[in-house]
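If you want the building blocks of each chain, they are given just below.
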Amino acid sequence: MDPSDECLKLSSQNTLPRHVAIIMDGNSRWAEAKSLPRVAGHKEGAQAVKRCIQGAIRNDIQWLTLYAFSSENWRRTPEEVADLTALLRFYLKFEARKLHKEGVRVRIIGDSKRFDPKLQKQFDEIEALTKNNTRLILTLALSYGGRGEIIQAVQRIVQDVQAQQIDPEQITEDLFSNYLFAPDVPDPDLIVRTSGESRLSNFLLWQSAYAELIFVETLWPDFNEDHFNDILSVYIRRERRFGTRPGLKISDK
Ligand code: IPE
Ligand code: IPE
Ligand code: MG
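Here the residue numbers are simple positions, counted from 1 along each chain's written sequence. Chains and ligands are labelled sequentially in the order written, the chains with letters from A and the ligands with numbers from 1. Reporting of local features is limited, given that this is a predicted model, to residues whose pLDDT is at least 70; pairs of side-chain atoms are given and counted only at 80 or more, and all residues count toward the totals for whole chains, interfaces and linings. No hydrogens and no water enter the side-chain calculation; it runs on all heavy atoms of the structure.

The cut-off we apply is this: UniProt positions are given in the numbering used here, feature names are shortened, and annotations may be inferred rather than shown by experiment.
With an unreviewed UniProt entry as reference, the protein chain is termed Isoprenyl transferase, source organism Commensalibacter intestini. For the record of the protein chain, the UniProt heading Subunit (unreviewed entry) holds the text "Homodimer."

### As for the packing of aromatic side chains
Note the threshold: Here is the rule: rings of Phe, Tyr and Trp (six-membered ring for Trp) pair when centre to centre is within 6.5 Å. Planes less than 30 degrees apart are stacked, more than 60 are edge-to-face, and the remainder are tilted. Helix and strand labels come from DSSP, where a helix needs a run of H or I of at least four residues and a strand needs a run of E of at least two; each type is numbered from the N terminus. Burial here depends on accessible area, computed with a 1.4 Å probe over protein chains only, as a share of the maximum for the residue type. Under 20% is buried, over 50% is exposed, and the range in between is partly exposed.
Within this structure, the stated rule accounts for 12 aromatic pairs. With a centroid separation of 5.0 Å and an interplanar angle of 50°, the aromatic rings of Trp 74 and Phe 115 are classed as tilted. Here Trp 74, found in the loop between strand 2 (63-70) and helix 4 (78-101), pairs with Phe 115, found in the loop between strand 3 (104-109) and helix 5 (117-130); they are 41 residues apart in sequence, far enough to count as distant. Ring geometry for Tyr 210 versus Phe 242: centroids 5.4 Å apart, planes at 40°, classification tilted. Within this pair, whereas Tyr 210 is found in the loop between strand 5 (190-193) and strand 6 (212-215), its partner Phe 242 is found in the segment after helix 8 (225-236), the two being separated by 32 residues in sequence. Owing to a relative accessible area of 49%, Tyr 210 belongs among the partly exposed residues under this scheme.

### Quick look at the nonpolar core
One broad rule of soluble globular proteins: the nonpolar side chains tend to lie buried together. Spelled out, the test is: In this description, a nonpolar core means a group of buried Ala, Val, Leu, Ile, Met, Phe, Trp, Tyr and Cys residues linked to one another through side-chain atoms lying within 4.5 Å. Whether two residues are in contact is decided by their heavy atoms, any of which lying within 4.5 Å being enough.
Ranked by size, the top nonpolar core spans 42 residues in total, and within it Ile 22, Ile 53, Leu 64, Leu 66 and Phe 228 carry the most contacts. Beyond its immediate sequence surroundings of up to four residues, Ile 22 is in contact with Cys 52, Leu 64, Thr 65, Leu 66, Tyr 67, Val 192, Phe 203, Trp 220 and Phe 228. The next biggest cluster of nonpolar side chains, apart from the first, holds 14 residues, and it includes Ile 23, Ile 137, Tyr 144 and Val 185.

### Re the environment of Ala 182
Examined against the element boundaries, Ala 182 turns out to sit in the loop between helix 7 (173-177) and strand 5. Under the relative-accessibility criterion, Ala 182 is labelled buried at 15%. Separated by 45 residues in sequence, Ala 182 and His 227 have C-alpha atoms that sit 27 Å apart. Setting aside residues up to four positions removed in sequence, Ala 182 forms contacts with Arg 107, Ile 109 and Glu 149.

### What about helix 4?
The condition that has to hold: Expected span, for any helix, means 1.5 Å times one less than how many residues it has. A residue's bend is simply the angle between two axes: one fitted to the seven residues ending at it, one to the seven starting at it.
A rise of 1.5 Å per residue sets the reference length of helix 4, with its 24 residues, at 34 Å; its end C-alpha atoms lie 35 Å apart and thus fit the reference within 8%. The largest bend in helix 4 amounts to roughly 45° and is located at Glu 95. Listed in full, the buried residues belonging to helix 4 are Glu 80, Val 81, Leu 84, Thr 85, Leu 87, Leu 88, Tyr 91, Leu 92, Glu 95, Ala 96 and Leu 99. Trailing helix 4 by a residue or two, Gly 103 shows a phi angle of about 85°, which is positive.

### Description of the sheet that holds strand 4 (residues 136-144)
Which entries qualify depends on this criterion: When DSSP finds two or more bridges between a pair of strands, those strands are recorded as paired. All axes here are fitted lines through C-alpha atoms, helices being fitted over the stretch that makes contact, and every angle between N-to-C directions spans 0 to 180 degrees.
In spatial order, the strands read 3-4-2-1-5-6; together these six strands make up an open sheet with parallel pairing. Only two strands of the sheet have a single neighbouring strand rather than two, namely strand 3 and strand 6. Each adjacent strand pair in this sheet contributes to an overall mean axis angle of 20°, direction not counted. Note that strand 1 (residues 19-23) and strand 2 share five bridges and pair parallel. Across the sheet, the residue bridging to Ala 21 is Thr 65, located in strand 2.

### Brief notes about the pattern of salt bridges
The line we're drawing: Note on definitions: salt bridges are taken to be side-chain nitrogens of Lys or Arg within 4 Å of carboxyl oxygens of Asp or Glu.
The tally for this structure, following the rule as stated, stands at 18 salt bridges. In this structure, Arg 38 engages Glu 80 in a salt bridge whose closest nitrogen and oxygen atoms are separated by 3.0 Å. Within this pair, whereas Arg 38 is found in helix 3 (residues 38-58), its partner Glu 80 is found in helix 4, the two being separated by 42 residues in sequence. The exposure class of Arg 38 is partly exposed, given its relative accessible area of 34%. Glu 212 is the salt-bridge partner of Arg 238, the closest N and O atoms lying 2.9 Å from each other. Residue Arg 238 is found in the segment after helix 8, and its partner Glu 212 is found in strand 6; the two are separated by 26 residues along the sequence. Residue class for Arg 238 comes out partly exposed when judged on its relative accessible area of 29%. Residue Glu 212 is classed as buried on the basis of its relative accessible area, which comes to 15%.

In structure tokens:
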């Protein structure tokens, strides 16, 4: 199929997104509003992750990417970083089997080497346990930054050029994408951010080129399946154009 035909098809179909990516924000404000310590917001945020995964499974979403910890989040206090990593350890320990049973494949993207070796081992274990599952591909972005991801791609491409495995002329968008953390995952169709903030905060900078963006006021710990469904219904009313002229329908071809 000619690539422009593919765009026409995509721009006029009111289908669900294949890949939903979420910036899970607002945990601390949720806790502060209830006069609770910040960690209480992160704990309830972990419950919201479970509800979100259920929402994705019920809607047959194939790829879900959750931004759980940014490369900049290391700048938080040592206490908060310790709370977040402890929660992550707890979450992986208790959810691994359940996720596996539900047919979820878990992948981790980011600079995982910055986490302590025990946690890195858990990342490897959950990836190995769930590697053959296909119902939902859940990517957890941990110690993740879009700029860092692009830089590591550039470094590896330069190495391959120096080793004469590729020619500089061969560097295309497709080749570049192959050096990102999860080259086999399609670009997100939809990026959602909770808590009323309207920014990407270094999330999927390369992959977000043509993503639909939805910003909702809900604080992440309040997020539930109804919110997930509401977001999908906003998405399906959007018209994706990919640079084609507005309002073009397949029937106009
Ligand atoms: C999001 O909640 C979780 C992480 C960034 C780890 P925040 O802790 O950023 O909550 P707010 O945005 O300050 O309310
Ligand atoms: C982005 O949220 C990262 C995650 C949700 C994991 P932040 O709360 O860290 O982002 P800023 O600082 O408000 O941009
Ligand atoms: Mg925040």
